[in-house]
Amino acid sequence: MTSQLVCRPEQDLPVAILRASGVLDLVTGDALENAVGRCLSAQPEALLIDVSGLEVSEPGALAVLSSVVCRTAEWPAVPIVLCGAGPETTETIAAWPGCASVGAAASCEQALADAAAEPEPHRIRVRLRPIPDACRQVRQLVDQACTAWQHGEATATVSLVATELVANVVRHAHTAMEFTVGLRDGRLCVTVRDGSRVLPRPRNPGTNDTGGRGLQLVRELTDAWGVLPVPDGKVVWTHLTAGDAA
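Residues numbered from 1 in each chain as written. Predicted model: local features only at pLDDT ≥ 70, side-chain atom pairs only at ≥ 80, totals over all residues. Heavy atoms only, no water.

As annotated in an unreviewed UniProt entry, the chain is Anti-sigma regulatory factor (Ser/Thr protein kinase) from Actinoplanes digitatis.

Laid out in structure tokens, this is it:
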């Protein structure tokens, strides 16, 4: 009998809520991962995943859940909270490598109340056209943001990272983009969402390949970076510790 898993997004912003119900196993894990990715692509203040209606059909299914949640938990400045998880699930998630930042709550209502009590993170978003002047616009935006957030020492590094990501869209994707710069928990985050599903690829060191040099620079300047495919394109994200950005 085919397993069924329903992932229903109930809210996107400011806090995203995703309710997962049905059977979670090695087959339906991909559906959960895709649903989580779509929620994160909107860059909410937090993502609440209601797993109270989730049936874990086999021991390996907990590993699937842990893998999906922990792999996406690195998404910049978007805390992930599991709502309604049983004791065994909570313990397994907590013990999984990379899951230290994943929270737990008895219900999404409680998690929403907790999120409302948190200080609002600093975040600026802007829509840009794929023209060369977009690079100048993001440099100016980063300078204003870092100054306002009292992290002027990071301006040069964050501006360079932002310029490279936006320039990649201008050169290769040729689509409108959404640029976001944010600060939360001491991390400066830069993300760029565009309408191309072609994934970027950094240049391999020691090769004569002239493409991907900008991404190689991004990788060297940031603590972490990644690409999140979404149905209408992709989101390239980066983050770096504010105090180390200089």
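Still more to cover.
Take the nonpolar core next. Leu 24, Leu 32, Val 36, Leu 47, Ile 49 and Val 102 are the most contacted members of the largest nonpolar core, which has 33 residues in total. Broken down by secondary-structure element, the contributors of at least two residues to this core are strand S2 (15-24), helix H1 (29-41), strand S3 (46-56), helix H2 (59-72), strand S4 (80-83), strand S9 (224-230) and strand S10 (233-241). Sort the elements by how many residues they give to this core and H2 lands first, with 6 residues. Each of domain 1 (5-117) and domain 2 (123-241) accounts for three or more of the residues forming this core. If you look at the next biggest cluster of nonpolar residues, it comprises 31 residues, including Cys 135, Leu 141, Phe 179 and Val 236. (Core = buried A, V, L, I, M, F, W, Y, C linked by side-chain atoms within 4.5 Å. Buried < 20%, exposed > 50% of the residue type's maximum accessible area, 1.4 Å probe, protein only. Helix = DSSP H or I, 4+ residues; strand = E, 2+ residues; numbered from the N terminus. Domains from an automatic or database assignment.)

Before going further, it helps to spend a moment on helix H5 (residues 133-148). If you check H5, its first and last C-alpha atoms are 23 Å apart, about what 16 residues at 1.5 Å a residue would give, namely 22 Å. Buried residues in H5 make contact with strand S6 (122-128), helix H6 (155-173) and strand S7 (177-184). One or two residues past the end of H5 sits Gln 150, with phi positive at roughly 60°. (Expected span 1.5 Å × (residues − 1). Contact = heavy atoms within 4.5 Å.)

With that out of the way, let us pick up the pattern of salt bridges. Between side chains of opposite charge, pairing is possible as soon as their charged atoms come close. By the definition in use, this model includes 8 salt bridges. Arg 8 is paired through a salt bridge with Glu 10; the nearest N and O atoms lie 2.9 Å apart. Accessibility expressed as a relative area gives 40% for Glu 10, which makes it partly exposed. Between Glu 109 and Arg 19 there is a salt bridge; the shortest N-O distance is 4.0 Å. (Salt bridge = Lys/Arg side-chain N within 4 Å of Asp/Glu carboxyl O.)

This part takes up the sheet that holds S9. Ordered by their spatial adjacency, 5 strands build an open sheet running S6-S7-S8-S10-S9, and the pairing between neighbours is antiparallel. If you trace the sheet from one side to the other, it starts and ends with S6 and S9, each paired once. On average, adjacent strands in this sheet sit at an angle of 15° to one another, irrespective of strand direction. In the sheet, S9 pairs with S10 via 7 bridges, with the strands oriented antiparallel. Counted as the bridge partner of Trp 225 is Thr 238 from S10. Together, strand S8 (187-194), S9 and S10 form the strand contacts of H1, whose direction differs from that of S9 by roughly 110°. (Pairing = 2+ DSSP bridges. Axes fitted to C-alpha atoms, helices over the stretch in contact; angles between N-to-C directions.)

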